[in-house]
Amino acid sequence: MTHQTGIHATTELKDFFAKARNGSVRLIKVIIEDEQLVLGAHKELSRRWDADYDAFVLPLLDEQQPCYVLYRLDSQNAQGYEWLFISWSPDSSPVRLKMLYAATRATVKKEFGGGHIKDEMFGTVKEDVSLGGYQKHVSSCSAPAPLTAAEQELQQIRINEMVGGCCCCPSLVEYPGPEEVKTEISVESKHQTLQGLAFPLQLDAQQAIQALKQKKINYIQLKLDLERETIDLVHTSPTEITDLPKRIPQDSARYHFFLYKHSHEGDYLESVIFIYSMPGYKCSIKERMLYSSCKSRLLDTVEQEFCLEIAKKIEIDDGAELTAEFLYEEVHPKQHAFKQAFAKPKGPVGKRGQKRLIKGPDENSEDS
């Protein structure tokens, strides 16, 4: 609750408030003088509220002195015209004045009539309370609130439905355009962003994934086109394990899918491995962020829309890591030998009866 300072409006200011509420005044400036709320300045109606705004409000704001400004809008409610209440407290004003005006703000609203006030703004620089600043304030207040976890999940389901397609027809996958799936981040927005980015797979990349699923090829390399915001196919050159290190660029990030053919415990296996290569700080911050953000959505598309099972997902920063031993241990990690925990020794055989904290009468007599 705001601490009240005991400062009240003068009779002259109360009378002016009553006159202004009838709609003949566009602006009222209120200041604290001799521990009273007094009229600092006022402006009569001239044009529409937005046309008058900057010309009326900004010149009355002192860089050293806080004040209150009541600005009449052209809209009305049941009590009459609606007003905008501005609390001006510049950074360069003394701390004592800032505290005094902050503690008296509720009194000003009460004296004028809170039912007439439509919006409130607080500003320390003129840009905060200019017409542009007020429009940003209105836009921010009207933005939808952040989504709950359940609403995020429902939104994700709808996005997946928009992406469309099914496991039977992966060639018909269609991706929503920028106007349908938009990740917007700004100081003026409260919109909930999506989890990860959904850059669309180009047609040749989709065809390559189908061919890998049918085992017609054994390697795919994909890259992000940062300008067009798409996932493009680089190449599908036949690749052996010994060739993998040479497929990893040393100056740019890539996504790789490799059909790993090997034997395990006497069985011949063909496992698809996803490799995300990011050569550390040799890439720009933007490239690192986009590759990291697009990875999960790409894998969701490949596994769900194309029904391609991925045995292992690996992240590396150097192609030299990709050896036969490394791949085998990633796909088939060694099982640690079971180490038996310390066992508590068993008690004596047979029933010992219930434990007692108090001795019986016969035991006490024997002791005596």
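Everything that follows concerns the structure shown earlier in this document.
Since the structure is predicted, the reported quantities are computational estimates derived from the model, not experimental observations.

Rules and cut-offs
Residues numbered from 1 in each chain as written. Predicted model: local features only at pLDDT ≥ 70, side-chain atom pairs only at ≥ 80, totals over all residues. Heavy atoms only, no water. Core = buried A, V, L, I, M, F, W, Y, C linked by side-chain atoms within 4.5 Å. Buried < 20%, exposed > 50% of the residue type's maximum accessible area, 1.4 Å probe, protein only. Contact = heavy atoms within 4.5 Å. Helix = DSSP H or I, 4+ residues; strand = E, 2+ residues; numbered from the N terminus. Pairing = 2+ DSSP bridges. Right-handed = clockwise from strand over helix to strand, strands pointing away. Axes fitted to C-alpha atoms, helices over the stretch in contact; angles between N-to-C directions. Phe/Tyr/Trp six-rings, centres within 6.5 Å; stacked < 30°, edge-to-face > 60°. Salt bridge = Lys/Arg side-chain N within 4 Å of Asp/Glu carboxyl O. Polar contact = N/O pair within 3.5 Å; in protein donor to acceptor, adjacent residues only side chain to side chain.

A. Up close: the nonpolar core. By size, the foremost hydrophobic cluster in this structure holds 39 residues, and its most contacted members are Ile28, Leu37 and Tyr53. Here Ile28 is in contact with Phe16, Phe17, Ala20, Leu39, Ala41, His42, Tyr68, Val69, Leu70, Trp83 and Phe112, once residues within four sequence places are set aside.

B. Examining the pairing of strand 4 (residues 80-88) more closely. Counted residue by residue, strand 4 has eight buried out of nine residues, so it is predominantly covered. Note: strand 3 (residues 67-77) against strand 4, eight bridges, orientation antiparallel. When the sheet's bridge partners are listed, Tyr71 is paired in strand 4 with Leu84. Where strand 3 folds back on strand 4, the antiparallel hairpin that results is connected by two residues. In terms of strand pairing, strand 4 meets strand 5 (residues 117-123) through six bridges, oriented parallel. Bridged to Phe85 within strand 5 is Glu120. In terms of handedness, the path from strand 4 via helix 3 (residues 95-112) over to strand 5 forms a crossover that is right-handed.

C. Representation of the sheet that holds strand 8 (residues 254-264) in the model. In spatial order, the strands read 7-6-8-9-10; together these five strands make up an open sheet with mixed pairing. Among the strands making up the open sheet, the edge pair consists of strand 7 (230-235) and strand 10 (312-316). Averaged over neighbouring strand pairs, the angle between their axes works out to 30° when direction is ignored. Sheet analysis places strand 9 (residues 267-277) next to strand 10, joined by five bridges and oriented parallel. Looking at the pairing, Ile273 lines up with Lys312 of strand 10. On top of the sheet, helix 7 (residues 203-213) reaches strand 6 (219-225), strand 7, strand 8 and strand 9; it is set at about 155° to strand 6, its chief contact. With respect to the sheet, helix 10 (residues 324-331) is in contact with strand 8, strand 9 and strand 10, its orientation differing from that of strand 8 by roughly 85°.

D. Main features of unusual backbone geometry. Although it is not a glycine, Asp34 adopts a positive phi angle of roughly 55°. With respect to the helices and strands, the residue Asp34 is situated in the loop between strand 1 (25-33) and strand 2 (36-44). Relative accessible area serves as the criterion here: at 68%, Asp34 is assigned to the exposed category. Located in the positive-phi region is Glu35, a residue other than glycine, with phi close to 60°. Mapped onto the elements of the fold, Glu35 is located in the loop between strand 1 and strand 2.

E. Local environment of the packing of aromatic side chains. The final tally for this structure, using the stated rule, is twelve aromatic pairs. Ring plane angle 85° and centroid distance 5.2 Å describe the contact between Phe17 and Phe112, whose orientation is recorded as edge-to-face. Here Phe112 lies in helix 3 and Phe17 lies in helix 1 (residues 11-24), a separation of 95 residues in the sequence. By relative accessible area, Phe112 is classed as buried at 1%. Judged by centre distance (6.4 Å) and plane angle (10°), the rings of Tyr53 and Tyr134 are stacked. Residue Tyr53 is found in helix 2 (residues 49-57), and its partner Tyr134 is found in helix 5 (residues 131-142); the two are separated by 81 residues along the sequence. In terms of burial, Tyr53 and Tyr134 fall into one category: buried. An aromatic cluster is defined as three or more aromatic residues linked by ring pairs; in this entry it consists of Tyr255, Phe257, Phe274, Tyr276 and Tyr291.

F. Inspection of the pattern of salt bridges at higher detail. For the coordinates displayed, the defined rule picks out 14 salt bridges. Measuring nitrogen to oxygen at the nearest pair gives 2.6 Å for the salt bridge that ties Asp50 to Arg48. The exposure class assigned to Arg48 is exposed, which follows from its relative accessible area of 52%. Measuring nitrogen to oxygen at the nearest pair gives 2.5 Å for the salt bridge that ties Lys109 to Glu120. One end of the pair, Lys109, is in helix 3; the other, Glu120, is in strand 5, and eleven residues separate them in sequence. Residue class for Lys109 comes out partly exposed when judged on its relative accessible area of 24%. For Glu120, a relative accessible area of 34% corresponds to the partly exposed category.

G. Spatial organisation of the side chain of His256. With respect to the secondary-structure elements, His256 resides in strand 8. The class for His256 is buried, based on a relative accessible area of 0%. Engagement of the side chain of His256 in a polar contact is seen with the side chain of Ser277, the distance being 2.9 Å. The residues contacting His256, other than those within four sequence positions of it, are Tyr219, Ile220, Gln221, Arg247, Ile248, Pro249, Ile273, Phe274, Ile275 and Ser277.

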